[in-house]
Amino acid sequence: MNTTRTQVAIIGAGPSGLLLGQLLAKQGIDNVILERVTGDYILGRIRAGILEQGFVDLVHEAGVGERMDREGHVHEGVELSINDARYRIDLKKLTGGDTVMCYGQTEITADMMEARQAAGLTTVYEASDVTLHDVDSEAPYVTYSKDGVEHRLDCEYIAGCDGFHGVSRKTIPEDKRTEFERVYPFGWLGLLSDTPPCNEELIYAKTDRGFALASQRSETRSRYYLQVPLTDKVEDWSDERFWDELKKRLPENVSRDLVTGPSIEKSIAPLRSFVCEPMQYGKLFLVGDAAHIVPPTGAKGLNLAASDVATLYKIMKRVYKEKDTDCIHQYSEICLRRVWNGERFSWWMSNMLHNYDAELQANGVEGQTFSRFMESELKYYLNSEAGQRVIAEQYVGLPYEDLR
Ligand code: RFL
Ligand code: PHB
C-alpha cells in the first residue's frame with residue numbers, strides 16, 4: 001500500500017471539486033483530487049450553461065476567470081413564452097443591476113483543469129474503488145487503486161464532490177441521513193449544434209406540445225432542449241425530428257429564422273429533485289450534486305454547487321487560519337437554506353413550464369385542474385411586474401450567506 005498525506009481530500013473532479021481545490025490552494029491549503037474517470041470523459045459531458053454572479057465572483061477569486069471574461073456572454077434578460085406569446089424578464093432592471101453569465105460548464109471545467117495542472121496540484125484520474133474510512137474520527141483516510149496499485153490518502157477533511165452517483169453520500173450511515181426526492185414524469189432531450197443561436201437571450205417555452213428551451217454556448221454554437229416522455233430513447237430522435245419538433249414549440253416568429261444543422265451531441269437527462277440532510281458528517285462534507293439535484297428548468301444545479309463550495313471555502317479558511325474547528329458544524333445549515341430555495345424555485349419553474357397532460361390524464365379531473373392552476377400561475381407572474389421580479393431575483397441567484 002502506497003501511503004500519502006494531504007489536508008483536504010477531494011472526491012471528484014467535476015466543477016465542485018475543481019473549484020474548491022483551486023480556492024483552497026490559493027490559501028495554501030493542500031489538497032488532492034481523486035477522480036474515477038479521465039479528464040476527457042468529464043469534458044465530453046454537456047451540461048449547464050448559465051452562471052450566477054456568485055459563481056462568476058468565485059471563479060475570479062480562484063484566479064481562473066480570464067477566458068470566461070473574454071468568451072462568456074453577460075445576459076441582462078431572459079424570455080419565457082406561452083405558445084406564441086413572448087415575455088421578456090429584464091433581469092438587470094428588475095434586480096437593480098444583476099445579470100447572469102452564459103458560459104458552458106464544459107468550458108469552465110476545462111479552464112479549472114488547466115489552471116490546476118499549471119499550478120502543479122495533484123489530481124488522480126481513473127482512481128477506482130475510492131473508499132472513505134473513519135470519516136467521523138480525528139484521522140479520516142481514503143483508499144483507492146490506480147493502475148492496479150493500492151493507495152491510501154491520509155487527510156484532515158474530505159470534500160465529497162462526486163456527484164449524485166458518487167460514494168461519499170453513501171458513506172454517511174443510513175440512520176444519520178434523510179433523503180428527500182421527487183422524480184418527474186418526463187426528461188429533457190438536449191441537442192448541441194454549431195449553428196447561431198435563434199435569439200440573443202434564452203427562451204423558456206411552454207406549449208401545448210410540451211416544454212422547450214433555446215440556450216446557447218457562443219455566437220456560433222446553440223444548445224436546445226425538448227421535454228420528452230421518459231420512455232423515449234435518443235435513437236428515436238433523428239436531428240430532423242428534433243428540429244421539426246423544436247420549431248413547433250418555439251414562438252412562431254423565432255422558429256421562422258431558426259438555423260438548423262447537424263447535432264454534435266444529443267442526450268436525454270431525467271429530471272429529479274433530491275436533497276440529502278445533513279450535508280456534513282464528521283470530517284466529511286457533501287458538495288454539489290453529491291448532496292442535491294434539481295431539475296434544470298431554473299438553471300440552478302451548477303450554481304447551488306458553487307454556493308456549497310463558497311461556504312466550505314469560508315469554513316476551511318477559518319479552520320486553517322484561525323484554528324476554529326467548531327465552525328464546521330455551520331456548513332450543513334447554511335448550505336441547506338440556499339439549497340431548499342433553489343430546489344423550490346426549480347420545482348416551481350418545472351411545474352409551470354412543462355406539460356403534465358400525459359401523467360395527469362390518469363388522475364382525471366384533478367389532473368386537468370392542476371394543469372390549469374399551473375397555466376394560470378405562470379400567466380399571473382408574467383403579467384405582473386412584481387411577479388416578474390420574483391422570477392428575476394431567483395434566476396440571478398439569491399445572496400450567499402456568511403458564517404456566524
Ligand atoms: P459532477 O459534475 O457530477 O461531478 C462529479 C464528479 O465526481 C466523479 N465521481 C467519482 N470520483 C471518484 N470516485 C467515485 N466513486 C466517483 N463517482 C463520481 C464523477 O466522475 C464526476 O467527474 O458534480 P458537481 O461537481 O457537483 O457539479 C454539479 C453539476 O455538474 C450539476 O449540478 C449540473 O451539471 C446539473 N445539470 C445541469 N445544471 C444546470 O444548471 N443546467 C443544465 O442544463 C444541466 N444539465 C445537469 C445537466 C446534470 C446532468 N447529470 C448529472 C446527469 C445534465 C445532466 C445529464
Ligand atoms: C444550458 O444552456 O444547458 C441550460 C441553460 C439554462 C437552463 C438549463 C440548461 O435552465
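For the structure itself, look to the data block above.
Residues numbered from 1 in each chain as written. Chains lettered and ligands numbered in written order. Predicted model: local features only at pLDDT ≥ 70, side-chain atom pairs only at ≥ 80, totals over all residues. Heavy atoms only, no water.

*Asks:* Which residues make up the sheet that holds strand β21 (residues 292–293), and what values do they have?
*Replies:* Pairing is mixed across the open sheet formed by eight strands, whose spatial order is β7-β6-β15-β16-β17-β14-β18-β21. On the outer flanks of this sheet lie β7 (85–90) and β21, each paired with one strand and no other. On top of the sheet, helix α11 (residues 331–353) reaches β6 (77–82), β14 (178–193), β15 (203–206), β18 (263–277) and β21; it is set at about 125 degrees to β18, its chief contact. Relative to the sheet, helix α13 (residues 364–382) contacts β6, β7 and β15, its axis offset from that of β6 by approximately 140 degrees. (Pairing = 2+ DSSP bridges. Helix = DSSP H or I, 4+ residues; strand = E, 2+ residues; numbered from the N terminus. Contact = heavy atoms within 4.5 Å. Axes fitted to C-alpha atoms, helices over the stretch in contact; angles between N-to-C directions.)

*Asks:* Can you lay out the site of ligand 2 for me, pointing to particular residues and giving the numbers?
*Replies:* Lining the immediate environment of ligand 2, one finds 14 residues, of which Tyr204, Ser215, Arg217, Tyr225 and Pro296 sit closest. Here Tyr204 contributes a side-chain N or O atom positioned 2.7 Å from an oxygen atom of ligand 2. Measuring from an oxygen atom of ligand 2, one finds a side-chain N or O atom of Arg217 at 2.7 Å. Counting residues per element, the ones that place at least two in the shell around ligand 2 are β16 (212–218) and β17 (221–229). (Near = heavy atom within 4 Å. Polar contact = N/O pair within 3.5 Å; in protein donor to acceptor, adjacent residues only side chain to side chain.)

*Asks:* Tell me about the packing of aromatic side chains, residues and numbers included.
*Replies:* Under the defined criterion, the tally for this structure stands at 17 aromatic pairs. Between Trp348 and Tyr381, the ring centres sit 4.8 Å apart and the planes meet at 80 degrees, which makes this aromatic pair edge-to-face. Separated by 33 residues along the polypeptide, Trp348 in helix α11 and Tyr381 in helix α13 bring together distant segments of the chain. Assigned by exposure class, Trp348 and Tyr381 land together as buried. Pairwise contacts between aromatic rings join Trp188, Tyr204, Phe211, Tyr225 and Tyr395 into one cluster. Its guanidinium or amino end placed over the ring of Tyr141, Arg152 lies 3.6 Å from that ring's centre, counting from NZ or CZ. The ring centre of Trp237 lies 3.7 Å from the NZ or CZ of Arg241, which sits over that ring. (Phe/Tyr/Trp six-rings, centres within 6.5 Å; stacked < 30°, edge-to-face > 60°. Buried < 20%, exposed > 50% of the residue type's maximum accessible area, 1.4 Å probe, protein only. Lys NZ or Arg CZ within 6 Å of the ring centre and 35° of its normal.)

*Asks:* Go over the pattern of salt bridges, please, and point to the residues and values.
*Replies:* A side chain with one charge may pair with a side chain of the opposite charge, provided their charged atoms come close. Under the definition given, this model contains 30 salt bridges. The salt bridge partner of Arg70 is Glu71, with a shortest N-O separation of 3.9 Å. For Glu71, a relative accessible area of 39% corresponds to the partly exposed category. For Glu76, the salt bridge goes to Lys92, with nearest N and O atoms at 3.5 Å. Linking Glu76 in the loop between β5 (73–75) and β6 with Lys92 in helix α5 (residues 91–95), this pair joins segments that are 16 residues apart in sequence. The network of salt bridges with shared partners includes Glu66, Arg67, Arg70, Glu71, Glu107 and Asp111. (Salt bridge = Lys/Arg side-chain N within 4 Å of Asp/Glu carboxyl O.)

*Asks:* Go over the pairing of β7, please, and point to the residues and values.
*Replies:* Of the strand pairs in this sheet, β6 and β7 are connected by six bridges, and their pairing is antiparallel. By the bridge assignment, Val78 is partnered in β7 with Ile89. In sequence, β6 turns back onto β7 through a hairpin of two residues, with Asn83 there showing a positive phi of about 50 degrees.

*Asks:* Account for empty space enclosed by the protein, naming residues and giving values.
*Replies:* Overall, the coordinates contain two cavities of 30 Å³ or more when judged by the stated rule. A volume near 70 Å³ is recorded for the largest cavity. As for the largest cavity, its lining consists of Glu52, Lys300, Leu304, Arg338, Asn341, Gly342, Phe345, Gln394, Gly397 and Leu398. Grouping the constituent residues of the lining of the largest cavity by class yields three nonpolar, four polar and three charged. Taken as a whole, the second largest cavity encloses approximately 50 Å³ of empty space. For the second largest cavity, the full set of lining residues is Gly14, Pro15, Ile42, Arg45, Arg47, Gln105, Thr106 and Thr109. For the lining of the second largest cavity, the element with the most residues is helix α6 (residues 105–118), which contributes three residues. Grouping the amino acids of the lining of the second largest cavity by side-chain chemistry returns two nonpolar, four polar and two charged. (1 Å grid on protein atoms, 1.4 Å probe; cavity = no way out; pocket = protein on both sides within 12 Å on 5 of 7 lines; lining within 4 Å. Points joined across faces, edges and corners; volume = space filled by probe spheres on them. Nonpolar A, V, L, I, M, F, W, Y, C, P; charged D, E, K, R; others polar.)

*Asks:* Explain helix α10 (residues 301–322) to me, and be specific about the residues and the numbers.
*Replies:* Spacing of three or four residues puts side chains on the same side of an α-helix, whose turn is 3.6 residues. Here α10 spans 32 Å end to end across 22 residues, near enough to the 32 Å set by a 1.5 Å rise per residue. Most of α10 is tucked away: 17 of the 22 residues are buried. Taken from the residues just after α10, Lys323 is the one with a positive phi, measuring 55 degrees. (Expected span 1.5 Å × (residues − 1).)

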